[in-house]
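So you can see what is in the structure, the chains are spelled out below.
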Amino acid sequence: MAHAQLSIAEALNALCVALVLIASFGMVATRQIQGVVRLFVIQSLLVAMSALLLGYDHQVFDLYALGIITILAKVIAIPWVLRRALPRDIYIRREIDQVLNIPSSLLLALALAIAAEIVVSPLASASVEVDVRMNLPIGLACLLIGAYSLIARREAVPQLIGILAMENGAFLAGIAIASELPLIAEIAVAIDVILIALIGGLLTWNINQTMGTTEAASMSELKETILPWH
Amino acid sequence: MTQTIAYNVLQLLFVMVFAPLYAGVLSRLKEMVQSRRGPSIFQPYRDLWKLFHKDEIVSSETTWIYRITPYLAFILPLFVTTLIPVLTDYPLAFAFMGDMLAGGFFLSLAGFFAVLAAVDTGNPYGPMGASRTRMVGFLAEPVFMIVFFTVSFVAQSTIPYIVQQKWVASAAAFFSPAHILLLIAFLMLILAEGGKIPVDNPAGHFELAMIDESKGLEFSGRGAALMKWGGQMKFLVLTCIFLNVLLAPWGLASGHALLDVVTAVPWILLKILLFVIVLVVIESSLAKLRLFRISEFLGAAFIISVTAMIASIFPLV
């Protein structure tokens, strides 16, 4: 294509970042909760690979550690926690109606990605680093699409995955801009993320036990009746 | 000049002769994956032979549209064959007659007449299948347009031969994000236009569920043979565009001698065989989509192609 020659690490990083965007689109478009979790795993794996590639490219050792922590926390630990904390009948559920139908959601997610690209372009053109120009717009796009997913979904677990996807997007942008971020800050964020998943999963389980459903719209009023199965 | 015209005729013969074989190998491999024996790979040839030797029955209620459609469905994919690189690397005699937009126009002209002929007969299943085919068609058009714009913008030309030379300029360009995303989008487009799973079941006989197969329902004898053959050629043409222009423009003849062009034939057949294996894996592992989910499938293809366009027009994503 019509651009400067990229090194192998930068070219592979470009591919990983493009697939991260496709994974975020997929999370908006998937009805099954299991599918959303799988796409989140794929997105986190690609973000970790981007961290590893950037660490190789800039010769920053911290990014290797961050990539490995991301794999351990988000690819392995969080899906395991969610799978254990949620009973099977929530996990295999699919979301029948959403706020917008799926083609409209996809077009909105595309518009958010284009808006992120436009917003970031003054910053990106001011930087000479190739990696900043790739990671920063897509990181912001993933953040916005995660926020949209948080708003537009009705089931609790995709909303939770939306928060985690926002964190993925922020991480993706952050590793390109500030590669020498102290390791301790990123470890704190990683543990934070596991805690969110654990608490979210346990709360969802409890809500399901009490209310019989995890659909957020049905929990908008206080209920004082005693439910038959208690 | 006469040499390139002869090579063009050779291309037409290649598409005409090998389209039924392509369909036969695909159905045989699909059956083998399901642990069944499946029909012989030459069965489509026998079917065409049988249909050509049968009498044609034409309803008295139909008009000239019904009579002309099989011939159009057979000839129009051949027109597109003259525009795309099938065997050679360099433009042939008729290559500048039209560009990819003309190719898309010819294919939709064939689809348009097929839909009109299906409505012409008055059979209740014909218009039902025809309206569904048009729904898939108009949802697939934006994807085709965006793919076409992207490759033409990057290659600075709309002629498929020139796009083929410039698109995958080096092995490293193969892994660029725009290329991979465009491949995914175009593959989803071929699955939709060719009536394969997950959009449509090509082996189904249930008229209520037919989308693409319904265009051949009312024809008999020679008309049915031409519609079947035309459908197989259309899918082979789309596959050649996908393989030779976008995915893997290798194996095409670069020399001008007859021997070079003839030795390119086994390489192209090998590429098509590898693509058939990928198709069989896709078709055997997915289920047919419900009708109104097809718009989600093609909507996803659309935004993947727009992302590919952004990735290639604004360099470095």
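Residues numbered from 1 in each chain as written. Chains lettered and ligands numbered in written order. Predicted model: local features only at pLDDT ≥ 70, side-chain atom pairs only at ≥ 80, totals over all residues.

**Side note on the overall build of chain A**
Next, step 1: For chain A, the count of helices and strands is eight helices and zero strands.
Next, step 2: Within chain A, buried positions represent 42% of all 230 residues.
Next, step 3: Relative to all contacts within chain A whose residues are 6 or more apart in sequence, the contacts with residues 24 or more apart total 75%. (Helix = DSSP H or I, 4+ residues; strand = E, 2+ residues; numbered from the N terminus. Buried ≥ 20, exposed ≤ 12 C-beta atoms within 10 Å, placed from the backbone. Contact = placed C-beta atoms within 7 Å.)

**Details of the overall build of chain B**
Next, step 1: Along its length, chain B carries ten helices and zero strands.
Next, step 2: Taken from N to C terminus, the helices and strands of chain B fall in the order α-α-α-α-α-α-α-α-α-α.
Next, step 3: Radius of gyration (C-alpha) of chain B: 19 Å, near the 20 Å computed for a compact globule of 317 residues.
Next, step 4: Across its three principal axes, chain B shows a C-alpha extent of roughly 55 × 45 × 45 Å.
Next, step 5: For chain B, the residues scored as buried account for 48% of the 317 residues in total. (Rg over C-alpha atoms; globule rule 2.2 N^0.38 Å.)

**Quick notes on the interface of chain B and chain A**
Next, step 1: Each side of the interface is counted separately: chain B has 23 residues, and chain A has 23 residues.
Next, step 2: Among the elements of the structure, helix H7 (177-193) and helix H10 (294-313) of chain B are those that each provide at least two residues to the side of chain B that touches chain A.
Next, step 3: With eleven residues, the top contributor of residues to the side of chain B that touches chain A is H10(B).
Next, step 4: Residues belonging to the side of chain B that touches chain A are distributed by class as follows: 17 nonpolar, five polar and one charged. (Nonpolar A, V, L, I, M, F, W, Y, C, P; charged D, E, K, R; others polar.)

**Considering the confidence of the model for chain B**
Residues and elements named next belong to chain B.
Next, step 1: Per-residue confidence for chain B gives a mean pLDDT of 87, with 97% of residues at or over 70.
Next, step 2: Here helix H6 (residues 160-167) stands out as the element of chain B with the lowest mean pLDDT, 81, in contrast to helix H2 (residues 43-52), whose mean of 94 is the highest.
Next, step 3: Listed scores for the predicted complex are pTM 0.87 and ipTM 0.80. (pLDDT = per-residue confidence, 0-100.)

**Overview of the nonpolar core**
A general trend in soluble globular proteins is that nonpolar side chains are found buried together.
Next, step 1: Counting residues in each nonpolar core, the largest one holds 160 residues, and the members touching the most others are A:Val20, A:Ala141, B:Val143, B:Ala185 and B:Ala301.
Next, step 2: With 16 residues, helix H8 (residues 221-247) of chain B is the largest single contributor of residues to this core.
Next, step 3: In contact with A:Ala141, not counting residues within four places along its chain, are A:Leu21, A:Leu112, A:Ala113 and A:Ala116. (Core = buried A, V, L, I, M, F, W, Y, C linked by C-beta atoms within 7 Å.)

**Focus: the environment of B:Ile65**
All names here are of chain B.
Next, step 1: Here Ile-65 shows up in helix H3 (residues 64-81).
Next, step 2: Under the C-beta neighbour-count criterion, Ile-65 is labelled partly exposed, with 14 such atoms within 10 Å.
Next, step 3: Counting along the chain gives 122 residues from Ile-65 to Leu-187, while the straight-line C-alpha distance between them is 32 Å.
Next, step 4: Setting aside anything within four residues of it in sequence, one finds Ile-65 in contact with Phe-113, Leu-116, Ala-117 and Asp-120.

**Comments concerning helix H7 (residues 156-177) of chain A**
Two residues of an α-helix separated by three or four positions point the same way, owing to the 3.6 residues in each turn.
Next, step 1: With 22 residues, H7(A) should reach 32 Å at 1.5 Å per residue; the first-to-last C-alpha distance of 32 Å fits that figure.
Next, step 2: With 16 of 22 residues buried, H7(A) lies mostly within the body of the structure. (Expected span 1.5 Å × (residues − 1).)

**Digging into unusual backbone geometry**
Next, step 1: Between B:Ile197 and the following residue, B:Pro198, the backbone shows a cis peptide bond with an omega angle of 15 degrees.
Next, step 2: The residue B:Pro198 is located in the loop between H7 and H8 in this model.
Next, step 3: Here the phi dihedral of A:Gln59 falls at roughly 55 degrees; this positive angle occurs in a residue that is not glycine.
Next, step 4: Examined against the element boundaries, A:Gln59 turns out to sit in the loop between helix H2 (33-58) and helix H3 (61-85).
Next, step 5: With 8 C-beta atoms counted inside 10 Å, the residue A:Gln59 sits in the exposed group.
Next, step 6: Its identity as a non-glycine residue notwithstanding, B:Ser35 has a phi of 60 degrees, on the positive side.

**Let's talk about the packing of helix H5 (residues 125-155) of chain B against H6(B)**
Helices that pack against each other are described as a pair by the angle of their axes relative to one another and the distance between those axes.
All names here are of chain B.
Next, step 1: Where H5 meets H6, the axes come as close as 9 Å, and the angle between the chain directions of the two elements is 70 degrees. Judged on the interaxial angle alone, H6 and H5 are roughly perpendicular. The handedness of the crossing between H5 and H6 is left-handed. For the pair H5 and H6, contact is made by Val-151, Ser-152, Val-154 and Ala-155 and by Ile-162, Val-163, Lys-166 and Trp-167, respectively. (Axes fitted to C-alpha atoms, helices over the stretch in contact; angles between N-to-C directions. Parallel < 35°, antiparallel > 145°, perpendicular 65-115°, else oblique. Left-handed = near helix turned anticlockwise from the far one by under 90°.)

**Describing the confidence of the model for chain A**
Next, step 1: Residues with a pLDDT of 70 or more make up 85% of chain A, whose mean pLDDT is 81.
Next, step 2: Predicted confidence in chain A is weakest over helix H4 (residues 88-91) of chain A, with a mean pLDDT of 70, and strongest over H2(A), with 90.

**Quick look at the environment of B:Leu12**
Residue and element names in this part refer to chain B.
Next, step 1: Here Leu-12 shows up in helix H1 (residues 2-33).
Next, step 2: Since 17 C-beta atoms lie within 10 Å of it, Leu-12 is described here as partly exposed.
Next, step 3: C-alpha of Leu-12 to C-alpha of Pro-77: the two residues are 65 residues apart in sequence and 9.6 Å apart in space.
Next, step 4: The contacts of Leu-12, once residues within four sequence positions are left out, are Leu-78 and Thr-81.

**Observations regarding H3(B)**
Residue and element names in this part refer to chain B.
Next, step 1: Compared with the 26 Å implied by 1.5 Å per residue over 18 residues, the 26 Å span of H3 between its first and last C-alpha is a close match.
Next, step 2: The largest bend along H3 reaches roughly 30 degrees and is located at Leu-72.
Next, step 3: Buried within H3 are the following residues: Tyr-66, Thr-69, Pro-70, Leu-72, Ala-73, Phe-74, Leu-76, Pro-77, Phe-79, Val-80 and Thr-81.
Next, step 4: Where H3 is buried, its residues meet H1, helix H4 (100-120) and H8. (Bend = angle between axes of the 7 residues up to and from the residue.)

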